[in-house]
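# Notes for the structure review
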Amino acid sequence: MLEIESLTAGYGGVPVLRDINVKLGAGEIVGLLGANNAGKTTLINSLSGTVRPISGRILFQGEDITPMSPRRRVERGIVQVPEGRLVFPEMSIRENLLLGGINSRARPNRRRQMDKVLELFPRLGERLSQNAGSLSGGEQQMLAIGRGLMAEARVLMLDEPSLGLSPLFVQYIFEIIDRLHAEGLTILLVEQNLNLTLRHAQRCYVLERGQVAVEGVADAVRNDPRTKSAYLGL
Amino acid sequence: MSELYQALAQGLLIGSTYGLLALGMGLVYGVSGVVNFSHGDFISLGMFMCLALYSALSLDPYVSVIITVPVMTAIGALVYLFLIRPMVGHQFLMVVQLTLGLSLVLQNGILMVFGGQPARTPSVVESKLLLLGDVVLRVPHLIAFAVSFVLAGGLYVMLRSTDFGRSIRAVHQNAHAAALMGIDVGRVQVMTFALGIGILALAAALLLPGTPIQPTQGLRYTVITLLVVVLGGMTNFVGIMLGGLVIGIAEAFGTIYLDGPLGLLMPYIIFVLIMLFRPQGLTWSSSR
Ligand SMILES: Nc1ncnc2c1ncn2[C@@H]1O[C@H](COP(=O)(O)OP(=O)(O)OP(=O)(O)O)[C@@H](O)[C@H]1O
Ligand SMILES: [Mg+2]
């Protein structure tokens, strides 16, 4: 469904990612692991198009999307739930959700889609007109995911959804992720939390200083000694 | 006493248009971080376009806006695309210099075409007055007041309840997140700048009747707008309109009660005083 082919990307011409090859099958839930600064966010932003590649290609459903703007990619259904959630703090939950579905493909069905999202997160529905900035971290994460779903995502990329959340909320968010996966959504799960990710993802990639150090099914990655070294930075 | 009411009324009426000028500047600042120091010269441009249209076709300024608003909106879009956009993201001061340069270009361009003599553009309502007890209200001021508030209200509704308005606020609150929603941030910035300049074209016509204009006046409008924007809290809608009224009233008081140069300083004095005691601007919560 989504293929990254020997991607090199970075900032100001300085590569952060080198020769990355990653594949996501339709309906798969794939983990992307790595220590701080490994390049996970850079990779996810390359998929969203907000980081421009230096070389390499990105294919989505067989189509080369490398030259496409972030907007066209969202219209294709490649949607990111960013690190730190980045909800629009001075807008209501409702407005945040509406913005989630602002792309030309999702816009006509926004009402229906919003009903679905609110069914998934009843807690958001109870306070639709509350400003997003006044929500707790967990609620903001729900909103960020809900906003991503409003875009009618075909691939949902979640950047560290567990970051800064209490264990209870983490559990809840991952239940939601499992549920979305069960409904057939393709998911790229970016995490630092190794065990959590290995429990929920079918396959994983471990990034180490901008390169894929380990890849494979969850158990293989768990038992690979390079996984540990990638984390400890040895 | 009637002098007091006179000053208050006049200040309120003109102040609403100052608020409108400042809303344009605040919107642009909010979505692209650009403070446009050629703001006032675009007002001049709008006024002189009205003058030209009067000379050529004897159009009333209120009618000329049908032409000047779209033309200046287009000019705004081109200026942003080809001059400002390439500089955005560089040093803030470079953008400031660019807009200052633009200000000189506009000023001298107008000077070349129209000469340096103060000019007037007549309007049918120019000398019409409305008496409210002892207070004399000039009809152009009343029109400016009504149109400014209607337009500000329209802008407010647009920002709150249309996709374009929400896009503007999204870009302002978090441009990266806005891009991830599929919002074309660059396009929102161009359109906002164009909208801001289009508003100036309208404001120019509102301020024009009865006012002598000259090519060098731009800076004065820029400074007034800056005062209002800073007073209002840069991107705070209500604060900016309020700031416009305050500066308008200060100016009216200055010209009525104090003579000459001292009177003209009044808005600045009030501004400095307010900023000393309320550096955060006039309002508390920011309703961006
Ligand atoms: N906007 C930027 N400009 C320049 N360098 C950047 C930028 N963003 C990230 N980097 C650099 O790229 C490298 C990878 O950062 P990235 O954010 O992709 O890592 P990450 O794996 O997401 O880390 P974390 O777990 O902390 O989120 C880091 O060295 C970082 O300093
Ligand atoms: Mg990251």
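Residue numbering note: each chain is counted from 1, following its sequence as written. The lettering of chains begins at A and the numbering of ligands begins at 1, in the order of writing. In keeping with the model being predicted, local features are shown solely for residues with a pLDDT of at least 70 and side-chain atom pairs are shown and tallied solely at 80 or more, while totals for entire chains, interfaces and linings include all residues. The side-chain figures draw on all heavy atoms in the structure; neither hydrogens nor water molecules are used.

### Concerning the packing of aromatic side chains
All names here are of chain B.
- Note on aromatic contacts: the rings of Phe and Tyr and the six-membered ring of Trp form a pair at centre separations within 6.5 Å, being stacked when their planes are under 30 degrees apart, edge-to-face when over 60 apart, and tilted otherwise. Evaluation of the coordinates by the stated rule reveals 5 aromatic pairs over all chains.
- Pairing Phe 48 with Phe 114 gives two aromatic rings, centres 4.9 Å apart and planes at 45°, and the pair type is tilted. Pair noted here: Phe 48 is in helix α2 (residues 39-57) and Phe 114 is in helix α4 (residues 92-114), with a separation of 66 residues, a long-range link.
- Type-normalised accessible area, obtained with a 1.4 Å probe on protein chains alone, sets the label of each residue: buried when under 20%, exposed when over 50%, and partly exposed for intermediate values. In this structure Phe 48 comes out as buried when scored by relative accessible area, which is 1%.
- Under the relative-accessibility criterion, Phe 114 is labelled partly exposed at 31%.
- When the centroid spacing of 5.1 Å and the interplanar angle of 70° are considered together, the rings of Tyr 156 and Phe 237 count as edge-to-face. Of this pair, Tyr 156 sits in helix α5 (residues 139-161) while Phe 237 sits in helix α10 (residues 237-257), and the two are 81 residues apart along the sequence.
- On the accessibility criterion, Tyr 156 (30% relative accessible area) is partly exposed.
- Throughout this description, the term charge over a ring refers to an Arg CZ or Lys NZ atom that lies within 6 Å of the ring centre and within 35 degrees of the ring normal. It is Arg 220 that lies over the ring of Tyr 221; its NZ or CZ is 5.2 Å from the centre. Helix and strand labels come from DSSP, where a helix needs a run of H or I of at least four residues and a strand needs a run of E of at least two; each type is numbered from the N terminus.

### Details of the packing of helix α3 (residues 61-84) of chain B against α4(B)
All names here are of chain B.
- Lines fitted to the C-alpha atoms define the axes, with helices restricted to the stretch that makes contact. Angles between their N-to-C directions range from 0 to 180 degrees. Relative orientation of the contacting elements α3 and α4 amounts to 130°, with a least axis distance of 12 Å. With respect to their mutual orientation, α3 and α4 come out oblique. Both α3 and α4 take part in a crossing whose hand is right-handed. Residues Val 79, Leu 83 and Ile 84 of α3 form the contact with α4, whose own contacting residues are Leu 98, Thr 99 and Leu 102.
- When grouped by side-chain class, the residues that make up the contact of α3 with α4 number 5 nonpolar, 1 polar and no charged. Here is the rule for angles: anything less than 35 degrees is roughly parallel, anything more than 145 is roughly antiparallel, 65 through 115 is roughly perpendicular, and the remaining ranges are oblique. Here a crossing is taken to be left-handed if its near helix is turned anticlockwise relative to the far helix by less than a right angle, and right-handed if that turn runs clockwise. Whether two residues are in contact is decided by their heavy atoms: any pair within 4.5 Å suffices. In this classification, the charged set is Asp, Glu, Lys and Arg, the nonpolar set is Ala, Val, Leu, Ile, Met, Phe, Trp, Tyr, Cys and Pro, and all remaining amino acids, among them Gly, are polar.

### Considering the packing of helix α1 (residues 2-32) of chain B against helix α9 (residues 218-232) of chain B
All names here are of chain B.
- Interaxial distance between α1 and α9 falls to 8 Å at its minimum, and their mutual angle equals 80°. In this view, α1 runs roughly perpendicular relative to α9, as classed from their interaxial angle. Of the residues in α9, those touching α1 at Tyr 18, Gly 19, Leu 21, Ala 22, Met 25 and Gly 26 are Arg 220, Tyr 221, Ile 224, Thr 225, Leu 226, Val 228 and Val 229.
- A breakdown of the residues in the contact of α1 with α9 according to their chemical character gives 9 nonpolar, 3 polar and 1 charged.

### Considerations on the interface of chain A and chain B
- Every contact between the two is made by 22 residues of chain A and, on the other side, 19 residues of chain B.
- A 1.4 Å probe defines the accessible area here, and the buried area is the portion of it lost by two parts on being joined, summed over both. The largest contributions to the chain A side of the interface with chain B come from Arg71(A), Phe88(A) and Glu90(A), which together make up 30% of the buried area.
- Salt bridge, as used here: a side-chain nitrogen of Lys or Arg that lies within 4 Å of a carboxyl oxygen of Asp or Glu. The interface formed by chain A and chain B includes 2 salt bridges.
- A salt bridge links Asp163(B) to Arg110(A); the nearest nitrogen and oxygen atoms lie 2.7 Å apart.

### Re the pattern of salt bridges
- By the definition in use, this model includes 16 salt bridges over all chains.
- The salt bridge involving Arg169(B) is made with Glu95(A); its shortest N-O contact spans 2.8 Å. One end of the pair, Arg169(B), is in helix α6 (residues 163-173); the other, Glu95(A), is in helix α3 (residues 93-100), on a second chain.
- Residue classification places Glu95(A) among the buried positions, given a relative accessible area of 8%.
- A single network of salt bridges, built from pairs that share partners, joins Glu5(A), Arg57(A) and Asp64(A).

### Some points on the confidence of the model for chain B
- Each residue gets a pLDDT score, which is the predictor's confidence in that residue and runs from 0 to 100. Taken as a whole, chain B shows an average pLDDT of 88; of its residues, 96% reach a score of 70 or greater.
- Mean pLDDT values over the elements of chain B span from 75, in helix α11 (residues 261-277) of chain B, up to 96, in helix α7 (residues 175-180) of chain B.

### Focus on the site of ligand 1
Residue and element names in this part refer to chain A.
- If even one non-hydrogen atom of a residue comes within 4 Å of a molecule or strand, that residue is called near it. Neighbouring ligand 1 are 13 residues, the closest being Asn 36, Lys 40, Thr 41, Thr 42 and Glu 83.
- Polar contact criterion, stated in full: a pair of N or O atoms within 3.5 Å, where within protein one must be able to donate a hydrogen and the other to accept it, and residues adjacent in sequence count only if both atoms are side-chain atoms. Within the backbone of Asn 37, one N or O atom sits 2.9 Å away from an oxygen atom of ligand 1.
- Taking Thr 41, its side chain carries an N or O atom lying 2.6 Å from an oxygen atom of ligand 1.
- Throughout, the Shrake-Rupley method with a 1.4 Å probe supplies accessible areas, and for residues the shown protein chains are the sole cover considered. Surface burial for ligand 1 is 62%, taken as the share of its 640 Å² of free accessible area covered by protein chains.
- Top element by residues in the shell around ligand 1 is helix α1 (residues 40-48). It accounts for 3 residues.
- Looking at the shell around ligand 1, its residues break down into 4 nonpolar, 6 polar and 3 charged.

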